[in-house]
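Chains, contacts and geometry: an overview
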Amino acid sequence: MSDAEPQAESHDRSREEAQAAERLERAVRAAEQALIEFEIAVETFRVEVENFSRLHHQRLGPMYSRLDELDALIAEALAARTGDPEDIRKAREARGLVQPMPGVEELFHGWIDSEGLSPEAAAMLTERPVQPPPRVRPSEEARRIYRELARKAHPDLAEEEAERERRGAFIVRVNAAYAAGDEEALRALAEEWEAGPPPPERRASRSEELYARLEWLAERKEMLAAVAAELESSAIGAMIKMAPEDPDGLLDEIAEQLLAQAAEKEARLAELVR
């Protein structure tokens, strides 16, 4: 065997290893981008669930309370008419489901601070209308800026711990601004990111490090999938999935159904008490 043959074999092995490392590098980059897009989708849906839950409680909460009260009144009227122990038991159970009136301490919890009464408490005591909780729905521009920031500054793009922490703290602020629908704050954060220190240049990675990173990315995606499944299986998440393009219309439809149920129960109650 000539000296050239071992050198050729070594060169071939080096070339194969380089090609394998390049393929692995591409796989890691693809997995990173897929994970970031998945995280954006999950966070976007989480904000939608949170906003829809707030609106659902604001608009339909009083209707559900009225239905519970009517159920209790009907059960109590029926028990009073029959005197049957089973009807009396059912009446007690129905009354127990009605939201009880809070005590004084609970009623004023969070209403009084170092500045005195909150605006909501002052409005109630002076019989002025209480302002409903603000409705938050990020604009299309806010969504665009949020997605762009998430893709640029996401912690998963950093391998160094210090850079990952810096990005993580920044993304927390981005998420907070997006959840509040604050387009101006998102624009300011975008300018801050562009003016900040550039992300560190990636150093060459060994195959072992790339395999470890792929494993971490897979675990992260599995965790996010569990979060997404929990959101989608929730009552509010299921409602949004029923009408993703028009959740407000779904609320109107549910409100009509609840009003119809209330009318039926009120008629039933009127029959029992006359």
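Because the structure is a prediction, the values reported are computed rather than measured. (Residues numbered from 1 in each chain as written. Predicted model: local features only at pLDDT ≥ 70, side-chain atom pairs only at ≥ 80, totals over all residues. Heavy atoms only, no water.)

What follows is about the environment of R144. Residue placement: R144 occurs in helix α5 (residues 140-153). For the pair R144 and L186, spaced 42 residues apart in the sequence, the C-alpha separation amounts to 9.9 Å. (Helix = DSSP H or I, 4+ residues; strand = E, 2+ residues; numbered from the N terminus.)

In this section: the pattern of salt bridges. Summed over all chains, the structure comprises 28 salt bridges. Here R143 and E48 are joined by a salt bridge, their closest N and O atoms 3.9 Å apart. Taken together, the residues span a long stretch of sequence, with R143 in helix α5 and E48 in helix α1 (residues 4-82) at a distance of 95 residues. Linking R89 and E93 is a salt bridge whose minimum nitrogen-to-oxygen distance equals 2.4 Å. (Salt bridge = Lys/Arg side-chain N within 4 Å of Asp/Glu carboxyl O.)

Now for the nonpolar core. Core analysis: the largest hydrophobic core is formed by 24 residues, its most contacted members being V49, F52, L60, I236, M239, I240 and I254. Listing elements by their share of this core, those giving two or more residues are α1, α8 (207-233), α9 (235-242) and α10 (247-273). Per-element tally for this core: the top contributor is α1, with ten residues. Excluding anything up to four places from it in sequence, I236 contacts V49, F52, S53 and H56. One finds I145, Y146, A150 and W193 within the second-largest nonpolar core, a separate group that totals 18 residues. (Core = buried A, V, L, I, M, F, W, Y, C linked by side-chain atoms within 4.5 Å. Buried < 20%, exposed > 50% of the residue type's maximum accessible area, 1.4 Å probe, protein only. Contact = heavy atoms within 4.5 Å.)

Moving on: the confidence of the model for the protein. Residues at a pLDDT of 70 or more form 78% of the protein, whose mean pLDDT is 79. Note on residues 101-114: pLDDT is under 50 here. Beyond four places in sequence and across chains, it has seven contacts. (pLDDT = per-residue confidence, 0-100.)

Here we take up the packing of α5 against helix α7 (residues 183-195). Here α5 crosses α7 at 30°, and the two axes come no closer than 9 Å. Considering their axes alone, α5 and α7 lie roughly parallel with respect to each other. Along this stretch, α5 crosses α7, giving a crossing that reads as left-handed. On α7, the residues touching E141, A142, I145, L149, K152 and A153 of α5 are E183, L186, R187, L189, A190, W193 and E194. (Axes fitted to C-alpha atoms, helices over the stretch in contact; angles between N-to-C directions. Parallel < 35°, antiparallel > 145°, perpendicular 65-115°, else oblique. Left-handed = near helix turned anticlockwise from the far one by under 90°.)

This part covers the packing of aromatic side chains. Scanning the entire structure with this criterion turns up two aromatic pairs. Taking the centre distance of 4.3 Å and the plane angle of 15° together, the rings of Y146 and Y178 count as stacked. Taken as a pair, Y146 in helix α5 and Y178 in helix α6 (residues 161-179) lie far apart in primary sequence, 32 residues in all. For the pair formed by Y146 and Y178, the shared burial category is buried. The interplanar angle of 40° and the centroid separation of 5.2 Å between the aromatic rings of F170 and W193 together place this pair among those described as tilted. Linking F170 in helix α6 with W193 in helix α7, this pair joins segments that are 23 residues apart in sequence. Here F170 falls in the buried class, since its relative accessible area comes to 6%. Given a relative accessible area of 10%, W193 falls into the buried group. Against the face of F38 rests K221, its NZ or CZ located 5.9 Å from the ring centre. Here the basic side chain of K241 rests over the ring of F45, its NZ or CZ set 5.0 Å away from the ring centre. (Phe/Tyr/Trp six-rings, centres within 6.5 Å; stacked < 30°, edge-to-face > 60°. Lys NZ or Arg CZ within 6 Å of the ring centre and 35° of its normal.)

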